[in-house]
Amino acid sequence: MFVNFIRNNKVAAGVLAFLRIYIGYQWLTGGYGKIAGGNFDASGFMQGAIASASGEHPAVQGWWATFLETFALPNAELFSFMVMWGELLVGLALILGIFTNFAALMGITMNFAFLFSGTVSTNAQMVLITVFILVAGYNAGRFGLDRWVVPFLKAHNPKQKHRNEAATV
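Treat the numbers as computed from the prediction; the structure is a model and nothing was measured. (Residues numbered from 1 in each chain as written. Predicted model: local features only at pLDDT ≥ 70, side-chain atom pairs only at ≥ 80, totals over all residues. Heavy atoms only, no water.)

Thoughts on the packing of helix α3 (residues 43–51) against helix α4 (residues 62–72)
And then number 1: The N-to-C vectors of α3 and α4 enclose an angle of 140°; their axes lie 8 Å apart at closest approach. In terms of orientation, α3 lies oblique with respect to α4. Once α3 is placed against α4, the crossing between them reads as left-handed. Residue-level inspection shows M46, A49 and I50 of α3 in contact with α4, the latter providing A65, L68, E69 and A72.
And then number 2: In terms of residue class, the contact of α3 with α4 is made up of six nonpolar, no polar and one charged. (Axes fitted to C-alpha atoms, helices over the stretch in contact; angles between N-to-C directions. Helix = DSSP H or I, 4+ residues; strand = E, 2+ residues; numbered from the N terminus. Parallel < 35°, antiparallel > 145°, perpendicular 65-115°, else oblique. Left-handed = near helix turned anticlockwise from the far one by under 90°. Contact = heavy atoms within 4.5 Å. Nonpolar A, V, L, I, M, F, W, Y, C, P; charged D, E, K, R; others polar.)

What about the packing of aromatic side chains?
And then number 1: Taken as a whole, this structure holds 12 aromatic pairs when the rule is applied.
And then number 2: Residues F2 and F132 carry aromatic rings whose centres are separated by 6.1 Å and whose planes lie at 85° to one another, so their mutual orientation is edge-to-face. Pair noted here: F2 is in helix α1 (residues 2–8) and F132 is in helix α7 (residues 123–136), with a separation of 130 residues, a long-range link.
And then number 3: Following the ring pairs from residue to residue traces out a cluster consisting of W63, W64, F67, F71, F79, F112 and F116.
And then number 4: If you follow K34 out to its NZ or CZ, it ends over the ring of F40, 5.5 Å from the centre. (Phe/Tyr/Trp six-rings, centres within 6.5 Å; stacked < 30°, edge-to-face > 60°. Lys NZ or Arg CZ within 6 Å of the ring centre and 35° of its normal.)

A look at the layout of surface pockets
And then number 1: Taken as a whole, the largest pocket encloses approximately 640 Å³ of empty space.
And then number 2: Residue lining of the largest pocket: 29 residues in total, with V83, E87, M110, A113 and F114 positioned closest to the centre.
And then number 3: Elements that contribute at least two residues to the lining of the largest pocket include exactly α2 (10–37), α3, α4, α5 (76–96), α6 (100–116) and α7.
And then number 4: For the lining of the largest pocket, the residue count by class is 18 nonpolar, nine polar and two charged. (1 Å grid on protein atoms, 1.4 Å probe; cavity = no way out; pocket = protein on both sides within 12 Å on 5 of 7 lines; lining within 4 Å. Points joined across faces, edges and corners; volume = space filled by probe spheres on them.)

Section: the pattern of salt bridges
And then number 1: A full pass over the atoms with the stated rule returns one salt bridge.
And then number 2: For the salt bridge of E87 with K34, the shortest nitrogen-to-oxygen distance reads 3.0 Å. Taken together, the positions of E87 in helix α5 and K34 in helix α2 put the pair 53 residues apart, joining distant regions of the chain.
And then number 3: Given a relative accessible area of 5%, E87 falls into the buried group. (Salt bridge = Lys/Arg side-chain N within 4 Å of Asp/Glu carboxyl O. Buried < 20%, exposed > 50% of the residue type's maximum accessible area, 1.4 Å probe, protein only.)

Considerations on the environment of F152
And then number 1: Turning to its location among the elements, F152 is positioned in helix α8 (residues 146–155).
And then number 2: For the pair F152 and F67, spaced 85 residues apart in sequence, the C-alpha separation works out to 40 Å.

Some words on unusual backbone geometry
And then number 1: Of note in this structure, F99 is not a glycine but carries a positive phi near 50°.
And then number 2: By relative accessible area, F99 is classed as partly exposed at 46%.
And then number 3: Despite not being glycine, S121 has its phi angle at roughly 45°, a positive value.
And then number 4: For S121, the position within the fold is in the loop between α6 and α7.

Details of the environment of I98
And then number 1: Structurally, the position occupied by I98 is in the loop between α5 and α6.
And then number 2: Sequence-distant contacts of I98, that is, excluding residues within four places in its chain, are made with A93, L145, D146 and V149.

What to know about the confidence of the model for the protein chain
And then number 1: Of all residues in the protein chain, 94% have pLDDT values of 70 or greater, and the mean over the chain is 92.
And then number 2: The least confident element of the protein chain, judged by mean pLDDT, is helix α9 (residues 158–168) at 63; the most confident is α5 at 97. (pLDDT = per-residue confidence, 0-100.)

Looking at the side chain of S43
And then number 1: Here S43 lies in helix α3.
And then number 2: For S43, a relative accessible area of 15% gives the class buried.
And then number 3: Sequence-distant contacts of S43, defined by excluding residues within four places in its chain, comprise L73 and A76.

Pasting the structure below:
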């Protein structure tokens, strides 16, 4: 019943638009700050997360620290680029309400990466709000550009046209 409400109700769409814009603003300002600063480097953050994986009560799981140490840290320049631009683009997409579900999915993926790395901050709150956006599906972008983009893409999808033709035969 609740899922049906947030997926179909126009009042829920308005609340979701507010939440979507709030989360989008958080991502946009975070990404813009890193890009405008000109010297963002995620390697220090990764090294701190790796160091937090040891001790009596580690804040970071060993498997995640291994991933950071063996894959992410040697590619810190790529990860720094992906974090900066990922935050900015996720924020922009959520604010505009375009490709809302994909943007929310990428945002929650980044949130979990930060949480896995031992950073709490606002990430848990952002995860919770983003879950509602993801569950709401199309309704989360109803009062955004998805209102026009999603129907356009469906109408111009060759697979969808084939299904429509097969249903009329």
